[in-house]
Amino acid sequence: MGSRSFEIDVVDKVAWLVLSRPEELNTLQPDFWRDLPLAVSKIDQDGGVRVLVISSTGRHFTAGLDLNVFGGTELFPDGEPARVNMARRSLILRMQGALTALERARFPVLAAVQGGCVGGGLDLVTACDMRYATADAFFVVQETKIGITADLGTLQRLPKIIPDGVARELVYTGRRLPADRALAVGLVNEVYPDQEAMLRGVREVAEEIAANSPMAVWGSKEMLLYSRDHPVADALAHTATWQAGALQPVDVTESIQARMEKRGPSYPDLPSTSDI
């Protein structure tokens, strides 16, 4: 499973999506935006994967969009202005949707970042649940530097992850945010000395998540996202509605039994949605 931009492997209920174009700095070409939501949807439909980790190869996580590819024909085609503009809007919405697929997945998504995470890369990792970085990592809202308003999610998600003023400074200036500062402001959960140590640490986090009830983790992700975008009263009501249907004895009983028997719990996978 994969594409020209990335490879995917599943090990012990953890899916690893690895950006695999290091010679091109893992730039995000048109096939990435088509293949990513299809791959995430396929993983999600199966119901057996409980965590997705997105990592990369080479010196940099990603240099963002390949502007040589997204140049004249894609973003600035010739033609009647209204139709050209609406086509551009549709393209942007499709690309936004590719990253929103990470939020809509029933499992948490973890990003493991080494080196540069530039432009579209920041859009990508802000759509993930958690982010981890190497000591040499840095994050850049590159769009401002090239005369573009970032349009794939950074401006919407970043201020809900880090302080608003810090987000605005990064956006307006296009400065690099180094790993230590990213940790201090809450963009990343932890900084590791190198990529090997980071992947080892992220694997431990992923395995710990995967050992929990997938229903409980899915419900928690749904409630956290809903709470981010809605008032507290609405979010509490939504949680009550979710729990009315999702709170069942199977996983709770297994949790208690496993503790009594001093063993790891074994939970059923999420239901497959491939036949729906």
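Residues numbered from 1 in each chain as written. Predicted model: local features only at pLDDT ≥ 70, side-chain atom pairs only at ≥ 80, totals over all residues. Heavy atoms only, no water.

Visitor: What exactly am I supposed to notice about the packing of helix α1 (residues 30–46) against helix α3 (residues 81–104) here?
Guide: When two helices pack together, their arrangement is given by the angle between the helix axes and the distance between those axes. Running from N to C, α1 and α3 cross one another at 25°; their axes reach a closest spacing of 8 Å. The angle between α1 and α3 falls in the class roughly parallel. Taken as a pair, α1 and α3 cross one another with a handedness that is left-handed. The residues of α3 that touch α1, namely those facing Trp33, Leu36, Pro37, Val40 and Asp44, are Met95, Ala98, Leu99, Ala101, Leu102 and Arg104. (Axes fitted to C-alpha atoms, helices over the stretch in contact; angles between N-to-C directions. Helix = DSSP H or I, 4+ residues; strand = E, 2+ residues; numbered from the N terminus. Parallel < 35°, antiparallel > 145°, perpendicular 65-115°, else oblique. Left-handed = near helix turned anticlockwise from the far one by under 90°. Contact = heavy atoms within 4.5 Å.)

Visitor: I tried to follow empty space enclosed by the protein on my own but got confused; where do I start?
Guide: Where empty space is left in the structure can be found by rolling a water-sized probe over the atoms. This structure, assessed with the given rule, holds one cavity of 30 Å³ or more. There is about 50 Å³ of room inside the largest cavity. Elements with a contribution of two residues or more to the lining of the largest cavity: α8 (195–210) and α9 (214–229). Of the residues forming the lining of the largest cavity, the biggest block, three residues, is contributed by α9. (1 Å grid on protein atoms, 1.4 Å probe; cavity = no way out; pocket = protein on both sides within 12 Å on 5 of 7 lines; lining within 4 Å. Points joined across faces, edges and corners; volume = space filled by probe spheres on them.)

Visitor: Help me understand the sheet that holds strand β8 (residues 176–178) in this model?
Guide: Strands belonging to one sheet form pairs held by backbone hydrogen bonds; the direction of such a pair is parallel or antiparallel. On the basis of which strands lie adjacent, the open sheet formed by three strands has the order β5-β7-β8 and mixed pairing. Of all strands in the sheet, those bounded by a partner on one side alone are β5 (116–118) and β8. For this sheet the average axis-to-axis angle between neighbouring strands, irrespective of direction, equals 20°. When β5 meets strand β7 (residues 138–140), the two strands line up parallel, connected through three bridges. Bridging from a neighbouring strand, Gly116 pairs with Phe138 of β7. (Pairing = 2+ DSSP bridges.)

Visitor: What should I look at first to understand the packing of aromatic side chains in this one?
Guide: Two measures describe an aromatic ring pair: the distance that separates the ring centres and the angle between the ring planes. Here the structure, examined in full by the defined rule, presents three aromatic pairs. Taking 6.1 Å as the distance between ring centres and 90° as the angle between the ring planes, the aromatic pair formed by Phe6 and Phe32 counts as edge-to-face. Highlighted residues: Phe6 in strand β1 (residues 6–11) and Phe32 in helix α1, separated in sequence by 26 residues. Judged on exposure class, the residue Phe6 and its partner Phe32 are both buried. Geometrically, the ring pair formed by Trp218 and Trp242 is edge-to-face, given 5.2 Å between the ring centres and 90° between the ring planes. (Phe/Tyr/Trp six-rings, centres within 6.5 Å; stacked < 30°, edge-to-face > 60°. Buried < 20%, exposed > 50% of the residue type's maximum accessible area, 1.4 Å probe, protein only.)

Visitor: When you look at the nonpolar core in this model, what are you seeing that I'm missing?
Guide: One broad trend across soluble globular proteins is that nonpolar side chains are buried collectively. Formed by 51 residues in total, the largest nonpolar core has its most connected members in Leu52, Ile54, Leu102, Phe139 and Leu187. Aside from chain neighbours lying at most four places away, what touches Phe139 is Val113, Cys117, Leu122, Val125, Ala133, Arg175, Arg176, Leu177, Ala182, Leu187 and Val188. Listed in part, the 16 residues of the second largest apolar core include Tyr132, Tyr192, Ala206 and Val217. (Core = buried A, V, L, I, M, F, W, Y, C linked by side-chain atoms within 4.5 Å.)

Visitor: Looking at this structure, how should I read the pattern of salt bridges?
Guide: Pairing is possible between side chains that carry opposite charge, provided their charged atoms lie close to one another. Enumeration over the complete set of coordinates arrives at 17 salt bridges. Ionic pairing is found between Arg4 and Asp31, a salt bridge with its closest N-O pair at 3.7 Å. Of the two residues, Arg4 sits in the segment before β1 while Asp31 sits in helix α1, which places them 27 residues apart along the sequence. Judged by its relative accessible area of 65%, Arg4 is exposed. Here Asp269 makes a salt bridge to Arg50, at a shortest N to O gap of 2.9 Å. Of the two residues, Asp269 is situated in the segment after α11 (249–260) and Arg50 in the loop between α1 and β3 (51–55); the sequence distance between them amounts to 219 residues. (Salt bridge = Lys/Arg side-chain N within 4 Å of Asp/Glu carboxyl O.)

Visitor: It is not clear to me how the environment of Asp234 should be interpreted in this structure. Could you clarify?
Guide: Relative to the helices and strands, Asp234 is located in helix α10 (residues 232–246). In the structure, Asp234 is positioned 31 residues away from Pro265 in sequence and 33 Å away in space, judged by C-alpha atoms.

Visitor: Would you mind going over helix α6 (residues 164–173) with me for this structure?
Guide: For α6, the complete set of buried residues consists of Val166, Ala167, Leu170 and Val171. Relative to the axis of α6, the buried residues are bounded by an arc of 130° and lie together on one face. Among the structural elements, α5 (154–157), β8 and α7 (179–185) are those in contact with the buried residues of α6. Following α6 by one or two positions, Gly174 has its phi on the positive side, about 75°. (Arc of directions from axis to C-beta.)

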